[in-house]
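Working through the structure, step by step
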Amino acid sequence: MAVPPRGRVSSGKAQPAAPAAPSTSCAALTPPPRPAMALPAAAYEAAVPPRPACAYTSCYCEENVWKLCDYIRSQHQYPLEEFYAVFISNDSRMIPLWKQKSGHGDEPVVWDYHVILLHVSSGKQNFIYDLDTVLPFPCPFDVYSVEAFRLDDSLRPEFHRKIRMIRADLYLKTFASDRSHMKDANGKWQKPPPSYPCIETADSKMNLDEFISMNPKVGWGSVFPLPDFVHRFGRQTDYSYSLEGQ
């Protein structure tokens, strides 16, 4: 995931110079304003340290979330099964998100993909952990939905977002990246990589594309449209469904 210019698309891939991506005006991307939501309930205890103390490398969101999952696994504060790595992308690999640190004012950043962590809490609301947002960390799901996701209804179809949701324990077992997607055609880093060794498994050194893909027949976890994700995990949800084994 590379930082894109405002209103343009980041490819995040190592490739020769490509034709300029289609520009996207604020008017094309910005839905009508939404009412402000309540901030986090004081009773919720964060599952990870404060944002500055978390392992973080800009433009390596998939690894940042892997590190959050690894920390949660080591602490035994919450059951690891309550957490999910959430990949946001689409077939066009153009997904607008608001309230990102690399954004400007109320303009969205258009990523090829982004990764956040979802805590399906036993309390009254669920929480999102996003190290790239200016919103609270962690952030109540409904606040993040209103402020960062907003609505697909006002976006052109090529910007409609999809979700791949993978249980944290499965993500830790299966994800691998050699970081080659962050090198340019000459083999130079587009953004400096993390200082720790590449994450790999016994079966793979690089399978990032299988997580970014929104083809439900590929990879791990469950894939569904963003509105379905918001409906499932917003406060109106009764949490009676099961994601066992996903």
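Residues numbered from 1 in each chain as written. Predicted model: local features only at pLDDT ≥ 70, side-chain atom pairs only at ≥ 80, totals over all residues. Heavy atoms only, no water.

1. Notes on the pattern of salt bridges
Using the criterion set out here, one finds nine salt bridges in the structure. Here aspartate 70 and arginine 73 are joined by a salt bridge, their closest N and O atoms 2.6 Å apart. With aspartate 70 and arginine 73 both in helix H2 (residues 61–75), this residue pair falls three residues apart, about one helical turn. Residue classification places aspartate 70 among the partly exposed positions, given a relative accessible area of 25%. Across the pair glutamate 158 and arginine 156 runs a salt bridge, and its minimum N-O distance is 2.8 Å. The class of glutamate 158 is partly exposed, set by a relative accessible area of 29%. (Salt bridge = Lys/Arg side-chain N within 4 Å of Asp/Glu carboxyl O. Helix = DSSP H or I, 4+ residues; strand = E, 2+ residues; numbered from the N terminus. Buried < 20%, exposed > 50% of the residue type's maximum accessible area, 1.4 Å probe, protein only.)

2. Some words on the environment of glutamine 77
Among the secondary structure elements, glutamine 77 is positioned in the loop between H2 and strand S1 (83–89). Its relative accessible area of 37% is what places glutamine 77 among the partly exposed residues. Distance from glutamine 77 to alanine 46, taken between C-alpha atoms, is 9.4 Å for residues 31 residues apart in sequence. Beyond its immediate stretch of four places on either side in the chain, glutamine 77 contacts Glu45, Ala46 and Ala47. A polar contact of 3.4 Å, which involves the side chain of glutamine 77, links it to the backbone oxygen of alanine 46. (Contact = heavy atoms within 4.5 Å. Polar contact = N/O pair within 3.5 Å; in protein donor to acceptor, adjacent residues only side chain to side chain.)

3. Looking at the nonpolar core
With 33 residues, the main nonpolar core has Val48, Phe87, Leu117, Tyr129 and Tyr171 as its most contacted residues. Secondary-structure elements contributing two or more residues to this core are H2, S1, strand S4 (114–119), strand S5 (127–129), helix H4 (168–174) and helix H5 (208–212). Top element by residues in this core is H2. It accounts for six residues. Residues contacting valine 48, with those up to four places away along its chain left out, are Cys54, Leu68, Tyr71, Ile72, Tyr129 and Phe137. Grouped together as the second largest cluster of nonpolar side chains are 24 residues, Val120, Ile128, Cys139 and Phe224 included. (Core = buried A, V, L, I, M, F, W, Y, C linked by side-chain atoms within 4.5 Å.)

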